[in-house]
Structure formats: structure tokens, C-alpha cells
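If you want the building blocks of each chain, they are given just below.
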Amino acid sequence: MEGFKDHYIFDALNIDIKSNSRQISNLVASDYHLCGKISIDTVSSDSKHFSNAKRTVVLHEKNKNERRILTGDAGDYCFEVKSGQYTVSPLITSDEKEKGLRLQPSEKQVSVDGAPVLNVNFVQSKLTVSGKVKCLEQDDQKCQAIKVSLFQRGQEQPLLTE
């Protein structure tokens, strides 16, 4: 006997029809889907083009095992997991980081407890920073060489320097 339900995985159950027993064991799901989506703005600007398709998502299990899966063209992914605690994180290449790609959150702690978890989503972090630098000196020449850099907390390399 086999069970089928969206996002639930059942092991096949063998039943001896000749048996005198009139009871059939409960069919219990053995695994569940842990699914989500990576949403990235695919509009390119200044030669920065990122895609949702074929991105690697990493699943860390509590016992330190790691599994990886590639997203579909729309950024969707699904793992088959047992009940337990997991950490899910999308991979971003160093080249993408240099070009400014950030996903929020960078990782998620997920608890699967006898049911599928279908909303482990990651979105592109976008922000606009603007402002003015006003020179305190009257000599305009000193202010022309000023550079302003944007840093991510805890990082030594600037995200942007203007």
C-alpha cells in the first residue's frame, strides 16, 4: 500500500492479505518537503546581472550533514527531510558579493515537526543610500578629493566607493 499527498513522502507498506488480522497499520509520512524560493531582481544595471535560476541552496542538518540543491528557473527549491532542525542558506559567489548581491536573510533556522514547511524564502536585499557631504573648509580644493565608502557591518571591504 502506498500513500500520496502533496509535500508528504510515505514509505510503501506491505500488507499480507492472507493474514487473519483485520487491522492495517497506520500509514505515516516518513519525510516532508522543506521548500522555498529565492527572489532576485533580474533587471541588469551597470553590468550587474543576477538570476534566480540554478542557484545553490545548502541544507545543514543538526548532525552536521550538508545537502545541496539547485533552484529551478523561477528560484524554487525543495528538499525531502525528516522531522528535525535545519539551517537553510543560499550560496552567493564571491564575484556576486563584489557586485553587491545580498540576500535576506542570509540563512534561516527551520523546524520541521510532522508537516511540510513551504515558505523558506530569501529575497534580494535592496537599499538606496543618499546624502550630501558638506565641506567645513572654505577652500573648495580640499573637498574635491573626498571619497565616501559604504561598508557592510563586520566587513573590511567597502560595498561601494564614490
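Here, every reference points to the structure presented above.
Chemist: Mind laying out the nonpolar core, listing which residues take part and the relevant values?
Modeler: Residues L34, V88, V112 and V120 are the most contacted members of the largest nonpolar core, which totals 21 residues. Of all elements in the fold, only β2 (29-39), β3 (56-61), β5 (76-81), β6 (84-90) and β8 (108-112) reach the threshold of two or more residues within this core. When residues in this core are grouped by element, the largest group, 4 residues, is from β2. Ignoring any residue separated from it by four or fewer positions in sequence, one finds V112 in contact with Y32, L34, V81, K82, S83, G84, Y86 and V117.

Chemist: I'd like to hear about the packing of aromatic side chains, residue by residue, with values.
Modeler: The final tally for this structure, using the stated rule, is 3 aromatic pairs. Ring centres of Y8 and F10 lie 6.5 Å apart, and the angle between their planes is 20 degrees; on these two criteria the pair is classed as stacked. Judged by its relative accessible area of 24%, Y8 is partly exposed. Here the aromatic rings of Y77 and F79 are separated by 6.0 Å at their centres, their planes lie at 70 degrees, and the arrangement is edge-to-face. Here Y77 matches F79 in class, with each residue buried. By the ring-pair criterion, three or more aromatic residues cluster together here, those being Y8, F10 and Y32.

Cut-offs and rules
- Residues numbered from 1 in each chain as written.
- Predicted model: local features only at pLDDT ≥ 70, side-chain atom pairs only at ≥ 80, totals over all residues.
- Heavy atoms only, no water.
- Core = buried A, V, L, I, M, F, W, Y, C linked by side-chain atoms within 4.5 Å.
- Buried < 20%, exposed > 50% of the residue type's maximum accessible area, 1.4 Å probe, protein only.
- Helix = DSSP H or I, 4+ residues; strand = E, 2+ residues; numbered from the N terminus.
- Contact = heavy atoms within 4.5 Å.
- Phe/Tyr/Trp six-rings, centres within 6.5 Å; stacked < 30°, edge-to-face > 60°.

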